[in-house]
Amino acid sequence: MSRSLPVQVLVIGGGINGAGIARDLALRGVRCALVERREFGSGTSWASSGMIHGGLRYLQQDPQVTLHSCVDSGAIQRIAPHLVFRIPFVMPVFPEDPIGPELIEVGLEMYDRYQPLKNGRPHTRLSREQARRLEPALSPGIECAFTLDEWGVDAARLTAANALDAAERGAALRTHTEVVELLRESGSGRVLGAELRDRITGETLRVEAELTMNATGPWAPRLAALAGAEVRLRPAKGIHLVFERRVSNLAIYARGIDGRDMFTFPHEQNSMAGTTDDDFYGDLDQIEVTEDEVAYVMQAMQRSIPSIRRHRVIHTTQGVRPTLYGFGQNEDELSRDFAVIDHARDGAPGFFTIAGGKLAAYRLMAERASDRLCGMLGVREPCRTAVTPLPGGDGRLDVLALARRFRAPVPAVVRLGFRHGTEAARVLAPFEPGPGASAAPPAPRIVCSCEPVLEAELAHAARREGVRTLGDCAFRVRLGVGACQGAGCAGQAAGLLADALDWSAERSAAEVAAFAAERWRSAAPALGGRHLAAFEIHRHVFLAARGFTGGSEVER
Ligand SMILES: Cc1cc2nc3c(=O)[nH]c(=O)nc-3n(C[C@H](O)[C@H](O)[C@H](O)COP(=O)(O)OP(=O)(O)OC[C@H]3O[C@@H](n4cnc5c(N)ncnc54)[C@H](O)[C@@H]3O)c2cc1C
């Protein structure tokens, strides 16, 4: 993006909604720019449960949300089959539960009608014995159980895939770049673009745009205020606990002490448990997980899975839902619907906000928002995001053949294929063995063995995907989010990025320190006793012993 480049649409905020809108517009031939103040998908989108589900509980008060999410889940599965995974759920029923199995089954029968939209199977009712045979982690105290079918996605990767595809189709992207001011036309108050500041270099830029879309999720009121406009949200904080490995085969419903539904679910290489839903009016840039929240989630999980405390929590996630404003309702009764707001109503024509909604319906939300923008621009191209595959989503990958061809470890190629789909061969291309044995480059090595992440994928992220910091790699390729929490891989990964991005030794060391500090911030609330000791030993063996600690950032 250059100082003088005028665009038709400036999209502010590189979460799933901003990235989805940028892709939709780019596919319709609209010249647009997408700016994100940190890394793509690192806000609420990363903090989500990553479920592209219909939301059984919205069926009662918000059936259109369930419908939209199920329809869009089906579409996301079509355009990004590599990024999604089936999550079968089991819902235990306890004798003391306020709602008995008969009534629950009525709800599930209704939900079954939506299942075909998202390739889900209908529910089944299981006796206690059947349920415990299927999922031995379940409490022996249950009366019976039900199964239901949902889908998960790597939300941060889905976001990046949308942004990268938008760029392929002509959009200008910028991460670590914050909108600090909106450009206004004197007199009319029309928004004409924005003033940006690069948070790494300090450089300032100006983007002139015919229309500006505020897609900053929970930050939307703050951004809108720059134009004197109002966006009313009811921001709600949610956290998850992330376990070192799978704690169960299936996802398992759990009930909180206050009667709220939560669940633990297999997600990528780990299991996650959550989530909470609490009004939040604090600093969106400093969302901390409290010990109370950890205890609340653990207590709920323990009822369904008595052995849960034997499993190690390696980190937490935290985020704030950009829920539409509602007064007088409990947080989890609020509508998950969305709105596209034209701020002409606030005296700021040319400026729009998208707010509310769900990850599961992001594509549909982006379509509606883009329809509005295209209508204003006089662009008649129809939306093509439901039928145009995201990068890597255009076919099936033969993982074993690829691993053989590049002499790469199969588990790492499986994960590479998950993130990149059919593009995985492009990621590995620099490691293609030449015709003569002596010309063959070394086989690709694993940098982060928890995930696992290959050197080739990191190099690709830096050279081809525009990754700018080591921290970006946690979101982009899941570097350091497994058991070692970066202790085993941050140093080596920083070396690789330094080569690709021409970092100095000081910059590399600072990147490792910042990465370690961020991993610590995310892990600390859930650590105690021997788990805390294990974390500290790991950190000191791998980081301090190599001279990476010393800054107060990595100290508790
Ligand atoms: C705990 C939790 C669990 C959830 N689980 C699910 C689920 O399982 N399924 C589901 O469908 N939905 C779920 N959701 C909801 C879903 O995550 C959100 O609806 C969605 O991620 C919102 O995306 P967004 O793009 O609007 O916001 P964000 O992802 O927050 O993106 C906004 C971006 O704007 C950037 N930004 C802010 N200010 C500026 C600025 N001045 N300049 C440039 N950039 C800026 C931020 O850095 C951020 O990256 C969950 C939410 C939470 C909190």
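Here, the structure is the one placed above.
Source: prediction; values computed, not measured.

Q: Please explain the packing of helix H17 (residues 505–523) against helix H18 (residues 529–542) as it appears in this structure.
A: The axes of two packed helices give the description: the angle between them and the distance between them. Packing of H17 against H18 brings their axes to within 12 Å, and their N-to-C directions diverge by 175°. Between H17 and H18, the angle falls in the class roughly antiparallel. Contacts from Arg 519, Trp 520 and Ala 523 in H17 reach Leu 532, Phe 535, Glu 536 and Arg 539 in H18. Its residues assigned to classes, the contact of H17 with H18 comprises 4 nonpolar, no polar and 3 charged.

Q: Sorry, what's going on with the packing of aromatic side chains here?
A: Remark: the centre distance and the inter-plane angle together describe each pair of aromatic rings, the angle taken between the planes. In this structure the tally under the stated criterion is 6 aromatic pairs. Relative to Phe 263, the ring of Tyr 253 has its centre 5.6 Å away and its plane inclined at 70°; by these criteria the two rings are edge-to-face. One end of the pair, Tyr 253, is in strand E11 (residues 251–255); the other, Phe 263, is in strand E12 (residues 261–267), with 10 residues separating them in the sequence. Seen in terms of ring centroids, Phe 263 and Phe 265 are 5.6 Å apart; in terms of plane orientation they differ by 70°. Their pairing is edge-to-face. Like Phe 263, the residue Phe 265 is buried in the burial classification. Following the ring pairs from residue to residue traces out a cluster consisting of Phe 89, Tyr 253, Phe 263 and Phe 265. The positively charged end of Arg 303 is found above the aromatic ring belonging to Phe 94, 4.0 Å away from the centroid.

Q: Teacher, can you tell me more about the site of the ligand here?
A: Among the 36 residues in the neighbourhood of the ligand, the closest are listed as Asn 17, Glu 36, Ser 45, Met 51 and Ala 360. One of the side-chain N or O atoms of Thr 44 is found 2.9 Å from an oxygen atom in the ligand. In the complex, 97% of the free accessible area of the ligand, which totals 1000 Å², lies under the protein chains. Taken together, the elements giving at least two residues each to the shell around the ligand come down to helix H1 (16–27), helix H2 (44–47), strand E7 (177–184), strand E10 (236–243) and strand E15 (313–321). Broken down by class, the residue content of the shell around the ligand amounts to 12 nonpolar, 19 polar and 5 charged.

Q: Before we go on, may I ask you to explain a nonpolar patch on the surface in this structure?
A: On the surface, a cluster of nonpolar side chains totalling about 220 Å² of accessible area is made up of Leu 67, Val 71 and Leu 117. Residue position: Leu 67 is located in helix H4 (residues 63–79).

Calculation criteria
Residues numbered from 1 in each chain as written. Predicted model: local features only at pLDDT ≥ 70, side-chain atom pairs only at ≥ 80, totals over all residues. Heavy atoms only, no water. Axes fitted to C-alpha atoms, helices over the stretch in contact; angles between N-to-C directions. Helix = DSSP H or I, 4+ residues; strand = E, 2+ residues; numbered from the N terminus. Parallel < 35°, antiparallel > 145°, perpendicular 65-115°, else oblique. Contact = heavy atoms within 4.5 Å. Nonpolar A, V, L, I, M, F, W, Y, C, P; charged D, E, K, R; others polar. Phe/Tyr/Trp six-rings, centres within 6.5 Å; stacked < 30°, edge-to-face > 60°. Buried < 20%, exposed > 50% of the residue type's maximum accessible area, 1.4 Å probe, protein only. Lys NZ or Arg CZ within 6 Å of the ring centre and 35° of its normal. Near = heavy atom within 4 Å. Polar contact = N/O pair within 3.5 Å; in protein donor to acceptor, adjacent residues only side chain to side chain. Areas by Shrake-Rupley, 256 points an atom, 1.4 Å probe, with all protein chains shown as cover. Patch = residues over 30% accessible without salt bridge, like charges linked within 9 Å, V, L, I, M, F, W, Y side chains within 5 Å. Salt bridge = Lys/Arg side-chain N within 4 Å of Asp/Glu carboxyl O.

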